[in-house]
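# Fold and contact review
Below, each chain spelled out in residue letters.
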Amino acid sequence: MHTLRGGLHPQTVGSATTGSANKSQLSPSTFWLMGIPGLEHLHVWIGIPFCSMYIVAVMGNVTILAVVRAERSLHEPMFLFLCLLSVTDLVLSTSTLPRMLCLFWMGAHDFAFDACLTQMFFIHSFTAMESGFFLAMAIDRYVAICDPLRHATILTHNRITQMGVAVVLRGVGFFTPHPILLKQLPYCRSRIIAHTYCEFMAVVKLACVDTGATKRYSLTVAFGIGSCDCFFIAISYVLILRAVFRLPSREASLKALGTCGSHVCVIVVFYSTAGFTFLTHRFGQHVAPHIHILIANMYLLVPPFLNPIVYGVRTKKIRDYVLSTLRVKGN
């Protein structure tokens, strides 16, 4: 009997599910998404908070994009980076949530192979972009607080464009090989993916050839990008905190600490859940599958949900613009 993710046998995750997959007579171009192993009976209920978070993420990020576009005074580095992050969040959440909700609420388990690879590319490349834009925003905050007089001359629109293009090219360049590599592999094992979306490591384990080099490439790229970005973000915020504690005004220090603290919370959620998922692939063979998959969903769902709240609602200029627009419409 061939195994699924982390050595998990189909019987372990539910014989009924395996039976359904066998009955569907999957074609060679189709996979079968299982969902959350062991929690299939709760899929309908799990979909409710997931859908709520998705709605908030879409509304919040679209609002940020609309406000920054309409208000010329917001065409500053911080808000331009925030727009790039919002676009990334919209693509990342939309490439996973609607399909996941179809699985939870309509039992749409069949997933075309090419669609699976496309979703995988968007998930991994835009996750890398999210990490890159977190770093870009940390750099912006560092320059704004530690060298405010030169902020506008250092982070010009041209430089912001260059940074944005570099982040996008890095995500696309490093993760384009993923679907290409998987497209070349033969799949003679069970085509059941024990996951809620097409994740690289979950799919590559279904191949019937040695995929050690492919796995090492994926893990190395993910670890390299994540650890480098996380390291430089940490350095930026350490320097920011050092500058904040040197401010003469206690009120200014507390305000800066509050802003940086909320930013750090979002970043910690993103990197801790992504890091847990990475380490589980490498070392966590004994982690319960449903725990692994729920946390793997969190790093795709929570940042797009939290970012508009932390970076939007808590930003005075955006909040004031939205409130003034609502008052005008109310009158």
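Residues numbered from 1 in each chain as written. Predicted model: local features only at pLDDT ≥ 70, side-chain atom pairs only at ≥ 80, totals over all residues. Heavy atoms only, no water.

## Section: the overall build of the protein chain
Filter applied, for reference: We count a stretch as a helix when DSSP gives it H or I for four or more residues in a row; a strand needs E for two or more, and each element gets its number in order from the N terminus. Only protein chains enter the accessibility calculation, which uses a 1.4 Å probe; a residue whose area is less than 20% of its type maximum is buried, one above 50% is exposed, and one in between is partly exposed. Residue contacts are defined here by distance: any two heavy atoms, one from each residue, within 4.5 Å place the two residues in contact. Residue-level accessible areas treat just the shown protein chains as cover; the underlying method is Shrake-Rupley with a 1.4 Å probe.
Scanning the protein chain from N- to C-terminus turns up 13 helices and 3 strands. Out of the 331 residues belonging to the protein chain, those deemed buried represent 46%. The contacts of the protein chain with a sequence gap of at least 6 include a subset with a gap of at least 24, amounting to 75%. Total accessible area on the protein chain is roughly 15900 Å²; 67% of this is exposed by carbon and sulfur atoms.

## Considerations on the state of the cysteines
The following threshold applies: By definition, disulfides here are pairs of cysteine sulfur atoms that lie within 2.5 Å.
According to the stated counting rule, one finds 1 disulfide in the structure shown. Two residues, Cys 116 and Cys 198, share a disulfide whose sulfurs are 1.9 Å apart. Since a negative S-S torsion denotes a left-handed disulfide, the Cys 116-Cys 198 link at about -120° is left-handed. Residue Cys 116 is located in helix 5 (residues 113-146), and its partner Cys 198 is located in the loop between strand 3 (192-193) and helix 9 (200-204); the two are separated by 82 residues in the primary sequence. Classification of Cys 116 by relative accessible area gives buried; the value is 0%.

## Digging into the packing of helix 5 against helix 10 (residues 212-244)
Short version of the rule: All axes are obtained by fitting lines to C-alpha atoms, using only the stretch in contact for helices, and the reported angles, taken between N-to-C directions, cover 0 to 180 degrees. Roughly parallel covers angles under 35 degrees, roughly antiparallel covers those over 145, roughly perpendicular covers 65 to 115, and oblique covers all other angles. Handedness of a crossing follows from how the near helix is turned relative to the far one, being left-handed for an anticlockwise turn of less than a right angle and right-handed for a clockwise one.
Following both chains from N to C, one finds helix 5 and helix 10 inclined at 20°, their axes separated by 9 Å at the closest point. With respect to each other, helix 5 and helix 10 are oriented roughly parallel. Every pair of crossing elements has a handedness; the one defined by helix 5 and helix 10 is left-handed. Residues Ala 128, Ser 131, Gly 132, Phe 134, Leu 135, Ala 138, Ile 139, Arg 141, Tyr 142, Ile 145 and Cys 146 of helix 5 form the contact with helix 10, whose participating residues are Ile 225, Asp 229, Phe 232, Ile 233, Ser 236, Tyr 237, Leu 239, Ile 240, Ala 243 and Val 244.

## Some words on the UniProt feature "transmembrane region" (unreviewed entry) in the protein chain
Quick note on the threshold: UniProt positions are given in the numbering used here, feature names are shortened, and annotations may be inferred rather than shown by experiment.
When the UniProt feature table is mapped onto this chain numbering, "transmembrane region" (unreviewed entry) sits at residues 42-67, 79-101, 121-139, 160-181, 221-244, 256-279 and 291-313. Its end C-alpha atoms 27 Å apart, residues 121-139 is made of 100% helix and 0% strand. In residues 160-181, the share of helix is 95% and the share of strand is 0%. The end C-alpha atoms are 33 Å apart.

## Details of the packing of helix 3 (residues 77-94) against helix 12 (residues 289-313)
Heads up, the condition is: Classification used: nonpolar for Ala, Val, Leu, Ile, Met, Phe, Trp, Tyr, Cys and Pro, charged for Asp, Glu, Lys and Arg, polar for all others including Gly.
Viewed as axis vectors pointing N to C, helix 3 and helix 12 meet at an angle of 150°, and their least axial separation amounts to 9 Å. On the basis of the axis angle, helix 3 is roughly antiparallel to helix 12. For helix 3 against helix 12, the interelement crossing comes out left-handed. Contacts between helix 3 and helix 12 involve Leu 82, Leu 85, Asp 89, Leu 92 and Ser 93 from the former and Leu 300, Pro 303, Pro 304, Asn 307 and Tyr 311 from the latter. Split into classes, the residues belonging to the contact of helix 3 with helix 12 amount to 7 nonpolar, 2 polar and 1 charged.

## Concerning the environment of Phe 50
Mapped onto the elements of the fold, Phe 50 is located in helix 2 (residues 43-70). You can call Phe 50 buried: its relative accessible area is 5%. Between the alpha carbons of Phe 50 and Met 100 there is a distance of 9.0 Å; along the sequence they are 50 residues apart. Non-local contacts of Phe 50, meaning those with residues more than four positions away in its chain, are made with Leu 97, Met 100, Leu 101, Phe 104, Asn 297, Met 298 and Leu 301.

## A look at the nonpolar core
Among soluble globular proteins, nonpolar side chains are generally buried collectively. Selection rule: Working definition of a nonpolar core: buried Ala, Val, Leu, Ile, Met, Phe, Trp, Tyr and Cys residues. They are joined through side-chain atoms within 4.5 Å.
Core analysis: the largest hydrophobic core is formed by 75 residues, its most contacted members being Leu 182, Tyr 187 and Ile 193. With 13 residues, helix 5 is the largest single contributor of residues to this core. Apart from the residues lying within four places of it in its own chain, the contact partners of Ile 193 are Phe 31, Trp 32, Leu 33, Met 34, Gly 35, Cys 116, Cys 198, Ala 202, Val 203 and Leu 206.

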